[in-house]
Amino acid sequence: MDIGALVQAQKDYFHTGATLPLSARRNALKRLNESIKARERELQAALLSDLNKSPAESYMCEVGMTLSELRFVQKHLARWMRDKPCLTPLAQFPAKSFTVAQPYGVTLVMSPWNYPFLLTMEPLIGAIAAGNCCVVKPSAYAPATSAVVRNMLTDCFPPMYAAVVEGGREENQALLDQPFDYIFFTGGVEVGREVMAKAAKRLIPVTLELGGKSPCIVDATANLSLAAKRLVFGKLLNGGQTCVAPDYLLVDRRVKDRFLLCVKKWIAAMYGTNALDNQGYVRMVNEKHFNRVMGLIDPRKVFCGGVGDPNTLKIQPTILDHVSPDDPVMQEEIFGPVLPVLTFDDIQEAVDFINARPHPLALYLFSRDRNTQERFLRRTSFGGGCINDTIIHLATSRMGFGGVGQSGMGSYHGRASFDTFSHRKSIVKQSARIDLPIRYAPYTAAKDRLLRLFLR
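Residues numbered from 1 in each chain as written. Predicted model: local features only at pLDDT ≥ 70, side-chain atom pairs only at ≥ 80, totals over all residues. Heavy atoms only, no water.

A.B. asks: Let's hear about the overall build of the chain: which residues, and what values?
C.D. replies: When its secondary structure is counted, the chain shows 15 helices and 18 strands. In terms of overall size, the chain behaves like a compact globule, its C-alpha atoms giving a radius of gyration of 25 Å where 456 residues would be expected to give roughly 23 Å. In terms of principal-axis extent, the alpha carbons of the chain reach across some 80 × 55 × 40 Å. The burial tally for the chain puts 52% of its 456 residues in the buried class. Once local pairs closer than 6 in sequence are excluded, the contacts in the chain between residues at least 24 apart make up 72%. If you average the places of the 55 positive and of the 43 negative side-chain charges in the chain, the two averages end up 10 Å apart. (Helix = DSSP H or I, 4+ residues; strand = E, 2+ residues; numbered from the N terminus. Rg over C-alpha atoms; globule rule 2.2 N^0.38 Å. Buried < 20%, exposed > 50% of the residue type's maximum accessible area, 1.4 Å probe, protein only. Contact = heavy atoms within 4.5 Å. Lys, Arg positive; Asp, Glu negative; His and termini not counted. Charge placed at Lys NZ, Arg CZ, Asp CG, Glu CD.)

Put into structure tokens, the structure is as follows:
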């Protein structure tokens, strides 16, 4: 594929204005919605092939959430597109002020392998809703899902409107050398740095949805069984391969032993005593990733789990106790079903521990103490999170989702997606009937007195 020719064709198409009307955007979203529904079984088969996702988990975490986002965007798009009136300063009387949402033009969406459908479709929906053309680059690590996405977009759109470029590092580099008007990247921190460096050469604005080590804090006031249940859900969903999965546990020393027994109980309740035999348990995406995660497990610190099957690429849900902040498992995002455990004696210790590290994408606090809840909300920096739950903060179109610092920049979902892929232009529409002379030279003492009245 000639990537340069594809990008130029999209630029030419965008400049015709064909993507701008509300009707064009709604029709595009409608076609996408119908195509997803028609290909639901194909998507389930692809996700099973790529990650061993069960049909239920595929619908809950990928297809269903995408359809929900589509419905929300279609419902609210007309209101989002309207010009926004603003108050005009008295000094500019009798002008009117307003802002206009303008699509950037030709956008690039680079998606990861862990949620290969959801994290491709949701930014694409935002790009189309905002009136852009889009080139989509799915991950080569999820080839079956990538093929379904390619066929879907080929059926829905002409390539000058929305197109898929498949491939690996070579195609990624070729795309990043193109003069896109906006880049939306979801993936790891190191590749995110490369994307940002490439974009900086052309001053292309970017959204980076990255990751990091998201903490889960459990204090002595928490409902331990419920906290463990919700922690296990968030940690083991998708085999732990979720950017907002709890990456490590900070637990009050007084309740640690009881809490870990609750976690072990809920692991068995959800996945069986041997999750490696559970047909619906998601595997690691490939052998390289399997070996990396297994290499983070210190056999001397295993509380439960600690084994994997290289034939199926599944890793038994693993808890590591007596972990040190200097251990290898605490030096990188785990992205697998391994949970290191650290303790604290005072809640401020946990706050200080988190603040001494790069800002995480998510933070989860289990506590019934309102002062503790407020302390974490106001004194720690993170992309988003939950109090007394895990990961569900991203499962809504009514709040933006994104990181801060090393966990990313920018946000999307619902209105935030529309805003991300739009430039809001500020406009002053001045009257031609009245022209106040105060702003024109010569600037006399009388004008100075009047200016001070208007501008103070």
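After presenting the structure, the write-up continues.
A.B. asks: Any chance you could break down the sheet that holds strand S18 (residues 422-429) for me, citing the residues and the numbers?
C.D. replies: Across a sheet, paired strands are connected by hydrogen bonds in the backbone, their directions being either parallel or antiparallel. The three strands lie next to each other as S1-S2-S18, forming an open sheet whose pairing is antiparallel. Whereas interior strands pair on both sides, the edge strands pair on one side only; in this sheet they are strand S1 (84-86) and S18. This sheet shows a mean twist of 30° between the axes of neighbouring strands, independent of strand direction. When S1 meets strand S2 (residues 96-103), the two strands line up antiparallel, connected through three bridges. (Pairing = 2+ DSSP bridges. Axes fitted to C-alpha atoms, helices over the stretch in contact; angles between N-to-C directions.)

A.B. asks: Before we move on, can you summarise the pairing of strand S9 (residues 248-252) with the specific residues and values?
C.D. replies: For S9, the buried fraction is high: five of the five residues fall into the buried class. Burial along S9 is two-sided: Tyr 248, Leu 250 and Asp 252 facing one way and Leu 249 and Val 251 facing the other are all buried. As judged from the four bridges shared by strand S8 (residues 215-218) and S9, these two strands associate in the parallel manner. Bridging from a neighbouring strand, Ile 217 pairs with Leu 250 of S9. Handedness of the crossover joining S8 and S9 through helix H9 (residues 224-236) is recorded here as right-handed. One ladder, built from four bridges, connects S9 with strand S14 (residues 338-344); its direction is parallel. Looking across to S14, one finds that Leu 249 is bridged to Val 341. (Right-handed = clockwise from strand over helix to strand, strands pointing away.)

A.B. asks: So, the packing of helix H3 (residues 40-51) against helix H6 (residues 143-156): which residues are in play, and what are the values?
C.D. replies: Each packed pair of helices is defined by two parameters, the angle between the axes and the distance between the axes. Look at H3 against H6: their axes get within 7 Å of each other, and the N-to-C directions meet at 155°. Comparing their axes, H6 and H3 come out roughly antiparallel. In this structure, H3 uses Glu 42, Leu 43, Ala 46, Leu 47, Ser 49 and Asp 50 to contact H6, whose residues at the interface are Pro 143, Ala 144, Thr 145, Val 148 and Met 152. A breakdown of the residues in the contact of H3 with H6 according to their chemical character gives seven nonpolar, two polar and two charged. (Parallel < 35°, antiparallel > 145°, perpendicular 65-115°, else oblique. Nonpolar A, V, L, I, M, F, W, Y, C, P; charged D, E, K, R; others polar.)

A.B. asks: Summarise the packing of helix H12 (residues 347-355) against helix H13 (residues 370-379); cite the residues concerned and give the values.
C.D. replies: Between H12 and H13, the least distance of the axes is 11 Å, while the angle of their chain directions is 15°. With respect to each other, H12 and H13 are oriented roughly parallel. For the pair H12 and H13, the crossing hand works out as right-handed. From H12, Ile 347, Gln 348, Ala 350, Val 351, Ile 354 and Asn 355 reach across to H13, where they touch Thr 372, Arg 375, Phe 376 and Arg 379. (Left-handed = near helix turned anticlockwise from the far one by under 90°.)

A.B. asks: Summarise the packing of aromatic side chains; cite the residues concerned and give the values.
C.D. replies: What the rule picks out here adds up to twelve aromatic pairs. Centre to centre, the rings of Trp 80 and Phe 418 are 5.9 Å apart; their planes meet at 45°, and the pair counts as tilted. One end of the pair, Trp 80, is in helix H4 (residues 55-81); the other, Phe 418, is in helix H14 (residues 415-420), with 338 residues separating them in the sequence. Like Trp 80, the residue Phe 418 is buried in the burial classification. Ring centres 5.6 Å apart and planes at 55° place the aromatic pair Tyr 182 and Phe 421 in the tilted group. Here Phe 421 lies in the loop between H14 and S18 and Tyr 182 lies in strand S6 (residues 182-186), a separation of 239 residues in the sequence. For the pair Tyr 182 and Phe 421, a shared accessibility class is recorded, and that class is buried. Aromatic rings pair up to connect Tyr 104, Tyr 182, Phe 184, Phe 401, Tyr 412 and Phe 421 into one cluster. (Phe/Tyr/Trp six-rings, centres within 6.5 Å; stacked < 30°, edge-to-face > 60°.)

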